[in-house]
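Residue-level listing of the chains:
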Amino acid sequence: MSSLTGKVYLIGAGPGDPALITLRGCEVLAKAQIVFYDYLVNPLILKHVGPETELVCLGRHGRGRLLSQAEINAQVIAAARAGKIVGRLKGGDPAIFGRTAEEVAALEVARIDYEVVPGVTAALAASSYAGIPLTHREAASCVAFVTGQEGRDKEGASLDLANLASFPGTLVFYMGVTTAPRWSAELIQHGKSTETPVAIVRHCSLPSQQVVKTTLGQLAEVLATEKMRPPAIIIVGEAVAAETQANWFASRPLFGRTILITRPEDQAAEMVNRLTTLGAMALCQPAIKITPPTDWSPVDAAINHLASYDWLVFSSANGVRFFLDRILATGRDLRQLGTCQLATIGPATTDALQDYHLKADLQPAEYRAEALAEQLAPQAAGKRFLLLRASRGREVLAETLRAAQAHVEQVVVYQSEEVRQADPEIVTALSESKIDWITVTSSAIARSLVQIFGDDLKKSQLAAISPLTAGVLSDAGYPPAVVASHYTTEGLLEAILAAEDAN
Ligand code: SAH
């Protein structure tokens, strides 16, 4: 093996829920230089790859053709021969109906180094996420994973359904939706009871998971009437009847809901996590883009004479980060802040200060500029204030403080720009009314959303973070369905949960 040859990692991506990849899987994805992924792999898994990594999708249902196994092998081997570290992501576990043996054989022939990273296979996820045990002390003491598709190059039926009919445990069919009429009839013909309990688990572990229960005798008819399409796992056996009553996955409060997050990209992660934990499918379409100021010199000038200010006022977490990072990036440390008092507009901004081990001296009880101004005003006369702000924003804070005889300076510490074009997939999902909620977390985002989506905003429910944001939406003709009573992202989620609960 030449030291110039790369290495191939065959990585199990898990069945759908992006959190089901292994730690080893994340580790090797982070160092891969090129990643080939199957259509069954959840694209959210790709967040573990490095920024420079080349991504190659090996075909997707409805979008381009699926590549043949020989073409995939050739591409993977060519990348490794070029000296690259190659990630080859496969849905579920790479070796369960994943043709790993063929890929491995090709790598061995080509004398390319490889490692196989296992994954959670769909059968196991269908079991856990649908609450159906595959083994059961009374009902099933063994499990068989069965393919509903026979290899195309084999002659005749390779599945021994006669033997499977008397298998003393649970049968789990992969790729069995379209062939179910045939294999279910054959199992019955060989003596399996028509009353054997069956569960069809489609899109297991995803917010779109569907579970349909039936019997072996009814399976074909149920698949047809419910119009069940792949990918689905079909579980056959008495263990299906032992399903737990309250399904932990499907009973989460936002299960099956699709929610659009519109915050800037680098601030969306926490909301995505919260929503996913609550059972929702979180989509992201940033409505504004946050970038450094076009000119740092006014900021640098302010940093140079920070000692002359009594108060530094932060009206967003972004303001905190851009300003404090600038102090550090210009070779100074936080002692530069000296004895300045620090005011924030709300808890997210206070938390951002905390990340730099700084405590806010003042945070208003109500998280809006008017409340902050009112609280600062009584002690403002004769004092010097520096407002660290976005390139656009409201003047109410500066005006109120000046009216209270304060000396006020403002510097722009970051630019907030509108995003003009949305991801075409999001545009389609919204126009087809497939988005249940759109979260609107600032007035700037509200204005931008109106520009981007216009009347399509009526095809979803809008959730506004504050009355101010709600006002911007209403004035444009799109009144929100809910308004948070605490003006934080957590407050916003509470408002959505309350509305869902009332439905
Ligand atoms: N290597 C994969 C299986 C690939 S075969 C694994 O270990 O899971 C493809 C079949 O897997 C599909 O036809 C379907 O039966 C099953 N499958 C994969 N993902 C699934 C999902 N999220 N929900 C239900 N079935 C799934």
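What counts and what doesn't
- Position numbers for residues count from 1 along each chain, tracking the sequence in the order it is written.
- pLDDT decides what is reported in this predicted model: residues at 70 or higher carry local features, side-chain atom pairs at 80 or more are listed and counted, and totals for whole chains, interfaces and linings draw on all residues regardless.
- Side-chain calculation: all heavy atoms of the structure are included, whereas hydrogens and water are not.
- The criterion for strand pairing is that DSSP finds at least two bridges linking the strands in question.
- Helix and strand assignments follow DSSP, with helices taken as H or I runs no shorter than four residues and strands as E runs no shorter than two, numbered in order from the N terminus.
- What makes two residues a contact is simply this: any of their non-hydrogen atoms within 4.5 Å.
- Helix axes are fitted only over the stretch in contact, all axes being lines through C-alpha atoms; the angle between N-to-C directions runs from 0 to 180 degrees.
- In this scheme, patches are assembled from residues that exceed 30% relative accessible area and form no salt bridge. Like charges are connected within 9 Å, while nonpolar side chains (Val, Leu, Ile, Met, Phe, Trp, Tyr) are connected within 5 Å.
- Methods summary: accessible areas were calculated by the Shrake-Rupley approach with a probe of 1.4 Å, and residue burial reflects only the protein chains presented.
- Each salt bridge in this description consists of a side-chain nitrogen of Lys or Arg and a carboxyl oxygen of Asp or Glu lying within 4 Å of one another.
- Exposed residues in this analysis have more than 50% of their type's maximum accessible area, buried residues have under 20%, and partly exposed residues fall in between, with area computed by a 1.4 Å probe over protein chains only.
- Here the limits of each domain have been adopted from an automatic or database domain assignment.
- With strands facing away from the observer, any crossover in which the path from the first strand over the helix to the second runs clockwise is taken as right-handed.
- One heavy atom within 4 Å of a molecule or strand is enough for the residue carrying it to be called near that molecule or strand.
- As used in this structure description, the phrase polar contact means that two N or O atoms lie within 3.5 Å; if the pair is within protein, one of them must be able to donate a hydrogen and the other to accept it, and residues adjacent in sequence are counted only when both atoms belong to side chains.
- Residue polarity follows a fixed list, in which Ala, Val, Leu, Ile, Met, Phe, Trp, Tyr, Cys and Pro are nonpolar, Asp, Glu, Lys and Arg are charged, and the others, Gly among them, are polar.
- Buried Ala, Val, Leu, Ile, Met, Phe, Trp, Tyr and Cys residues that are joined via side-chain atoms within 4.5 Å together make up what is termed a nonpolar core.

**Q** Could you clarify how one ought to interpret the sheet that holds strand β18 (residues 437-440) in this entry?
**A** For sheets, the rule is that strands pair by backbone hydrogen bonds, running either parallel or antiparallel. In spatial order, the strands read β12-β11-β18-β19-β20; together these 5 strands make up an open sheet with parallel pairing. Every other strand in the sheet has two partners, leaving β12 (281-284) and β20 (482-483) as the edge strands with one partner each. Pairing analysis gives 4 bridges linking β18 to strand β19 (residues 461-464), with the strands arranged parallel. Its bridge partner being in β19, Val440 is matched across the sheet by Ala464. The strands touched by helix α16 (residues 467-475) are β18, β19 and β20; relative to β19, the strand with the most contacts, the crossing angle is about 145°.

**Q** Would you take a moment to explain a nonpolar patch on the surface for this structure?
**A** Nonpolar side chains collect at one region of the surface, where Phe97, Leu124, Val143, Phe145 and Met175 lie side by side and expose about 390 Å² of accessible area between them. Here Leu124 is to be found in helix α4 (residues 122-130).

**Q** Before we go on, may I ask you to explain unusual backbone geometry in this structure?
**A** In terms of backbone geometry, most residues other than glycine have negative phi values and most peptide bonds are trans. The omega torsion across Pro230 and Pro231 is 0°, close enough to zero to call that bond cis. If you trace the backbone, Pro231 turns up in the loop between α7 (219-225) and β10 (232-236). The backbone of Met175 shows a phi angle near 50°, a positive value even though the residue is not glycine. Residues other than glycine seldom take positive phi values, yet Lys227 does so here, at roughly 50°. Among the structural elements, Lys227 can be located in the loop between α7 and β10. Overall, Lys227 belongs to the exposed group, its relative accessible area being 69%.

**Q** What's the story with the domain arrangement of the protein in this structure? I'm lost.
**A** It is common to give the size of an interface as the accessible area that goes away when the parts come together. Under the domain assignment, the protein is made up of domain 1 (7-119), domain 2 (124-242), domain 3 (258-287 + 419-502) and domain 4 (291-417). Of note, the centres of domain 2 and domain 4, computed from C-alpha atoms alone, are 61 Å apart.

**Q** What's the story with the pairing of β18 in this structure? I'm lost.
**A** Across a regular strand the side chains alternate sides, sitting on one face of the sheet and then on the other. Taking every second residue as pointing to the same face, both faces of β18 are buried, with Trp437 and Thr439 on one and Ile438 and Val440 on the other. As paired elements, strand β11 (residues 258-261) and β18 share 3 bridges and run parallel to each other. Its bridge partner being in β18, Ile259 is matched across the sheet by Trp437. Between the parallel pair β18 and β19, the chain is carried across by helix α15 (residues 443-453), and the sense of this crossover is right-handed.

**Q** It is not clear to me how the site of the ligand should be interpreted in this structure. Could you clarify?
**A** Within the structure, the ligand sits among 17 residues, and Pro15, Asp93, Ile96, Thr121 and Ala232 are positioned closest to it. For the ligand, a nitrogen atom lies 2.8 Å from a polar atom in the backbone of Cys204. In the environment of the ligand, an oxygen atom lies 2.7 Å from a nitrogen or oxygen atom belonging to the backbone of Ala232. Taken by itself the ligand offers 540 Å² of open surface, and the protein chains cover 92% of this. In terms of residue class, the shell around the ligand is built from 12 nonpolar, 4 polar and 1 charged. Each of domain 1 (7-119) and domain 2 (124-242) contributes no fewer than three residues to the shell around the ligand.

**Q** What is the right way to read the nonpolar core from this model?
**A** A general feature of soluble globular proteins is that nonpolar side chains tend to end up buried together. Counting 52 residues, the largest nonpolar core has Leu312, Phe323, Leu324, Ile438 and Phe453 as the members making the most contacts within it. Counting residues per element, this core draws most heavily on α15, which supplies 7 residues. Residues from two domains meet in this core; each of domain 3 (258-287 + 419-502) and domain 4 (291-417) gives at least three. Once residues lying within four places of it in the same chain are set aside, the contact partners of Phe453 are Leu260, Gln285, Ala422, Ile426, Val427 and Leu430. In terms of nonpolar packing, the next biggest core, distinct from the first, is built from 23 residues, Leu159, Ala180, Leu187 and Leu216 among them.

**Q** Help me understand the sheet that holds strand β16 (residues 384-390) in this model?
**A** One open sheet holds the 5 strands; their spatial order is β13-β17-β16-β14-β15, and the pairing between them is mixed. The outermost strands of the open sheet, each flanked by one partner alone, are β13 (288-291) and β15 (341-344). Taken over all neighbouring pairs, the strand axes of this sheet differ in orientation by 25° on average, direction set aside. Of the pairings in the sheet, the one linking strand β14 (residues 311-314) to β16 comprises 4 bridges and is parallel in character. For Phe314, the partnering residue across the bridge sits in β16 and is Leu388.

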